[in-house]
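Coordinate inspection notes
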Amino acid sequence: NALPGTPYDAVLADDFGGAYQITQHLIQLGHKEIRMITGYTQNPEIAPSFVERFRGFQAACADAGLPQLEPFIVPAEADPPFLLEKAAQFDDWLVSLVESAKRPSAFFCAADFYAVAVIEALQKHGYQVPKDISVAGYDDFDIARKSSPTLTSVHTYKRAMARTAVSLLLERIGGDNRPPLHITLATQLVKRDSTGKRP
């Protein structure tokens, strides 16, 4: 991540582009009532990756002529590292969103751990994913392949990011005095079973 205004090199994933791509995937499946689930975005001390993912989500919606809606912010008491400990509170919060007057047909979650928690909460309350509601995540962690159904997500190339970061560091140790560099690596949409056509 790169905190604004800090004079350091940074190697980043294309969070804006990845979020745009996965939102576009949901739109192509016919979804019009898409809501983003995220945390952290209201905290100025948090690095801006989640903010960039929200910007990408909004841009994809705007380009498709869909309303640019504010994200659903996971309640602080259910946010990591408390998500598993506070599962009941998270479930209640999520179901209140699903059963609202404007029920979403798809959720884009800013991280895989949110998406898996969303799937489990929906299943507990009798909803089928993706038959009733599609769910997409971000990061393509191992949990994405182990969830049931398997999770559509955005793959970030963490090993390549690490190699690039170490190469930059070695160049700096060797005397490279260029201005701070921000290098962005592309992401890849990974389609799995948690997203389907709008019911």
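Because the structure is predicted, anything quoted here is derived from the model rather than measured.

What to know about unusual backbone geometry
In the segment running from Val-129 into Pro-130, the intervening peptide bond is cis, with an omega of 5°. Position of Pro-130 relative to the elements: it lies in the loop between α4 (112–124) and β5 (134–136). Residue Pro-149 is reached from Ser-148 by a cis peptide bond, and omega for that bond is 0°. Examined against the element boundaries, Pro-149 turns out to sit in the loop between α5 (142–146) and β6 (153–156). Non-glycine residue Asp-139 carries a positive phi angle of around 115°.

Remarks on the nonpolar core
Counting 43 residues, the largest nonpolar core has Ile-37, Leu-94, Phe-107, Phe-108, Val-118, Leu-122 and Val-135 as its most contacted members. Mapped onto this core, the elements with two or more residues apiece are α1 (15–28), β2 (34–38), α2 (49–63), α3 (87–98), β4 (106–109), α4 and β5. Looking at this core element by element, the count peaks at 8 residues for α4. Apart from the residues within four sequence positions on either side, Leu-122 is in contact with Leu-94, Val-98, Tyr-127, Val-129, Ile-133 and Val-135.

Here's the deal with the packing of α1 against α2
Contact geometry for α1 and α2: axes closest at 7 Å, N-to-C directions at 40°. Here α1 lies oblique to α2, going by the angle between them. Relative to α2, α1 is oriented so that their crossing is right-handed. Across the interface between the two elements, Asp-15, Phe-16, Ala-19, Tyr-20, Thr-23, Gln-24 and Ile-27 from α1 touch Ser-49, Glu-52, Arg-53, Arg-55, Gly-56, Phe-57, Ala-59, Ala-60, Cys-61 and Asp-63 from α2. Broken down by class, the residue content of the contact of α1 with α2 amounts to 8 nonpolar, 4 polar and 5 charged.

Digging into the side chain of Thr-23
Among the secondary structure elements, Thr-23 is positioned in helix α1. Discounting residues that sit within four places of it in the chain, Thr-23 has contacts with Ile-34, Phe-57, Ala-60, Cys-61 and Phe-108.

Section: the sheet that holds strand β3 (residues 72–73)
Spatially, the 4 strands line up as an open sheet ordered β3-β2-β4-β5, and their pairing is parallel. Of all the strands in the sheet, just β3 and β5 have a single pairing partner and so form its edges. Pairing analysis gives 4 bridges linking β2 to β4, with the strands arranged parallel. Bridge pairing links Arg-35 to Phe-107 in β4. Packing against the sheet, α1 makes contact with β2, β4 and β5, and its axis sits at approximately 170° to β4. Contacts from α4 reach β2, β4 and β5, with the element oriented near 160° to β5.

Regarding a nonpolar patch on the surface
On the surface, Val-166, Leu-169, Leu-170 and Ile-173 cluster together into a nonpolar patch covering about 420 Å² of accessible area. In this structure, Ile-173 sits in helix α6 (residues 158–173).

Here we look at the side chain of Asp-91
Mapping Asp-91 onto the fold places it in helix α3. Residue classification places Asp-91 among the buried positions, given a relative accessible area of 7%.

Parameters and conventions
- Residues numbered from 1 in each chain as written.
- Predicted model: local features only at pLDDT ≥ 70, side-chain atom pairs only at ≥ 80, totals over all residues.
- Heavy atoms only, no water.
- Helix = DSSP H or I, 4+ residues; strand = E, 2+ residues; numbered from the N terminus.
- Core = buried A, V, L, I, M, F, W, Y, C linked by side-chain atoms within 4.5 Å.
- Buried < 20%, exposed > 50% of the residue type's maximum accessible area, 1.4 Å probe, protein only.
- Contact = heavy atoms within 4.5 Å.
- Axes fitted to C-alpha atoms, helices over the stretch in contact; angles between N-to-C directions.
- Parallel < 35°, antiparallel > 145°, perpendicular 65-115°, else oblique.
- Left-handed = near helix turned anticlockwise from the far one by under 90°.
- Nonpolar A, V, L, I, M, F, W, Y, C, P; charged D, E, K, R; others polar.
- Pairing = 2+ DSSP bridges.
- Patch = residues over 30% accessible without salt bridge, like charges linked within 9 Å, V, L, I, M, F, W, Y side chains within 5 Å.
- Areas by Shrake-Rupley, 256 points an atom, 1.4 Å probe, with all protein chains shown as cover.
- Salt bridge = Lys/Arg side-chain N within 4 Å of Asp/Glu carboxyl O.

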